[in-house]
Amino acid sequence: MIDFANAATADIAKYQVPVVLNADNILADGHVIEALIWESVSYGKAELDKVPDDKRGIYAFAVCRPNAILPPHGYILYIGIAGRDSDRA
């Protein structure tokens, strides 16, 4: 059983990404793009009509879970460009 646990731990370790948060860098004015206006849409068929399908845009998949103990927070998993009826030029 120990060999299985060690092998599983080694496999999971392949997908870890170390992250260092530095408040000075996060708050620096060196951003190359203007601030974007974001709208949140929950994942699911009930929310699908809220996603525009007639224009391009930048989207982000984020995991967010509100709770009564911690302040609002989330983790961005992916950022991309979308648009069903538009060119990506």
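Since we're looking at a predicted model, the values are computed, not measured.

## Comments concerning the overall build of the chain
Assigned secondary structure in the chain consists of two helices and two strands. Starting at the N terminus and walking to the C terminus, you meet the elements of the chain as α-α-β-β. In the chain, buried positions account for 1% of the 89 residues. Summed over all atoms, the accessible surface of the chain reaches about 9300 Å², with 59% contributed by carbon and sulfur.

## Brief notes about the packing of aromatic side chains
Inspection of every chain in the model, using the stated rule, returns three aromatic pairs. Between Tyr 59 and Tyr 78 the ring centres are 6.0 Å apart and the planes differ by 40 degrees, which places this aromatic pair in the tilted class. Note that Tyr 59 is positioned in strand E1 (residues 57-64) and Tyr 78 in strand E2 (residues 74-82), a separation of 19 residues in sequence. Given the relative accessible area of 26%, Tyr 59 is considered partly exposed. Taking the centre distance of 6.3 Å and the plane angle of 40 degrees together, the rings of Phe 61 and Tyr 78 count as tilted.

## A short note on a nonpolar patch on the surface
Nonpolar side chains collect at one region of the surface, where Ile 33, Leu 36, Trp 38, Ile 58, Ile 76, Ile 79 and Ile 81 lie side by side and expose about 720 Å² of accessible area between them. Sort the elements by how many residues they give to the nonpolar patch and E2 lands first, with three residues. Mapped onto the fold, Ile 79 is located in strand E2.

What counts, and where the lines are drawn
- Residues numbered from 1 in each chain as written.
- Predicted model: local features only at pLDDT ≥ 70, side-chain atom pairs only at ≥ 80, totals over all residues.
- Heavy atoms only, no water.
- Helix = DSSP H or I, 4+ residues; strand = E, 2+ residues; numbered from the N terminus.
- Buried < 20%, exposed > 50% of the residue type's maximum accessible area, 1.4 Å probe, protein only.
- Areas by Shrake-Rupley, 256 points an atom, 1.4 Å probe, with all protein chains shown as cover.
- Phe/Tyr/Trp six-rings, centres within 6.5 Å; stacked < 30°, edge-to-face > 60°.
- Patch = residues over 30% accessible without salt bridge, like charges linked within 9 Å, V, L, I, M, F, W, Y side chains within 5 Å.
- Salt bridge = Lys/Arg side-chain N within 4 Å of Asp/Glu carboxyl O.

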